[in-house]
Amino acid sequence: RTIRSLPLALESHLDMDVRGEIYTPRSMLESLNQQRTAAGEEPFKNCRNLTAGTIKSLDPSVAAQRGLQIMVYGIAQAAELGFKHHSEVLEFLAAQGFKLNQAWQRCNSCEEITAFIEQIAARRNQFDFDIDGIVIKVNDLALQERLGRTAKHVRWAAAYKFPAEQVTTVVEAIEVQVGRTGVLTPVAHLRAVPLAGSVVKRATLHNLDEVNRLDVRVGDTVILQ
């Protein structure tokens, strides 16, 4: 009930698990941060962290105040319920009052997929939510079933990621941390730099072999991605 874009009642009587993703709109983050700054509170770093923290809160009123939204993208039992295509599922969900990402398209060739990716990349900053790429899915649900999945991923969908954001900064120190089991992990302390909505001050260097491979030293300028 605290996520206003989620309908509380449906016309359909299908017994189904609807899948989606909760997010904070960029405009809501900006509005909340203006309020927090005026109240002398620290602003939220980015939409992702704000959303995750709000979901973990045990107080429903906190979620209600922060304007969380949800966009749905599928039904777990779609094929068993008689749907033939993923696009049909999306159209059904929209008709039931669910909020969908409207920037989706049914493509009939690799050329159409490429054109769609380029179109979305050009509009990326116009959306009121953060994206890092496009998900490409096989539309035919029977073919999805035939393609199956690995232990971790389905074989009928793939994520096309946009180039990652990069910044440069300086290594100010390297500290070796001792883990709970006695494992030694070198950690780079960096000149603080904003990246993808967060301020990065530290980065793991994993192990001595990785330090030697990178030849990273105090005072070096490094690229963060």
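Rules of the game
Along each chain, numbering runs from 1 in the same order as the chain's sequence is written. Local features in this predicted model are restricted to residues of pLDDT 70 or higher, and side-chain atom pairs are both shown and tallied only at a pLDDT of 80 or more, whereas totals for entire chains, interfaces and linings draw on every residue. As a rule here, side-chain values come from all non-hydrogen atoms in the structure, and water together with hydrogens is ignored. Numbering of helices and strands runs from the N terminus; a helix is a DSSP stretch of H or I covering at least four residues, while a strand is a stretch of E covering at least two. A helix is expected to reach a length of 1.5 Å times the quantity of its residues less one. Each residue is placed in one exposure class: buried if its accessible area under a 1.4 Å probe, protein chains only, is under 20% of its type's maximum, exposed if it is over 50%, and partly exposed if it falls in between. Here the arc refers to the set of directions running from the helix axis out to each C-beta atom. Residue contacts are counted whenever heavy atoms from the two residues lie within 4.5 Å of one another. As a per-residue measure, pLDDT reflects the predictor's confidence and takes values from 0 up to 100.

**Q** I tried to follow helix α5 (residues 110–123) on my own but got confused; where do I start?
**A** Owing to its 3.6 residues per turn, the α-helix aligns residues three or four sequence positions apart on the same side. Here α5 is 14 residues long and its end C-alpha atoms lie 20 Å apart, about the 20 Å a rise of 1.5 Å per residue gives. Among the residues making up α5, those that are buried are Phe116, Ile117 and Ile120. Buried residues in α5, looked at end-on, bunch into an arc of 100°, giving them a common side. Away from its buried face, by an angle of more than 90 degrees, α5 presents the exposed residues Glu111, Glu118 and Ala122. Buried positions along α5 lie against β3 (133–137) and β4 (157–161).

**Q** I tried to follow helix α4 (residues 86–95) on my own but got confused; where do I start?
**A** The set of residues buried in α4 consists of His86, Ser87, Val89, Leu90, Phe92 and Leu93. Check the buried side of α4 and you find it contacts β1 (18–23), β2 (69–75), β3 and α6 (141–147). A positive phi of about 95° marks Gly97, the residue just after α4.

**Q** It is not clear to me how unusual backbone geometry should be interpreted in this structure. Could you clarify?
**A** When glycine is set aside, most residues are seen to have a negative phi, and most peptide bonds are trans. Of note, the phi angle at His206 is positive, near 70°, even though the residue is not glycine. Note on placement: His206 falls in the loop between β7 (198–204) and α7 (208–214). Its identity as a non-glycine residue notwithstanding, Asp215 has a phi of 50°, on the positive side. When you line up the elements, Asp215 lands in the loop between α7 and β8 (221–224). A relative accessible area of 42% places Asp215 in the partly exposed class.

**Q** How should the confidence of the model for the protein be read in this particular structure?
**A** Residues shown with low pLDDT carry predicted positions that ought not to be read at fine detail. For the protein, the mean per-residue pLDDT works out to 94, and 100% of the residues sit at or above 70. Within the protein, helix α3 (residues 60–65) has the poorest average pLDDT of any element, 90, and α4 the best, 98.

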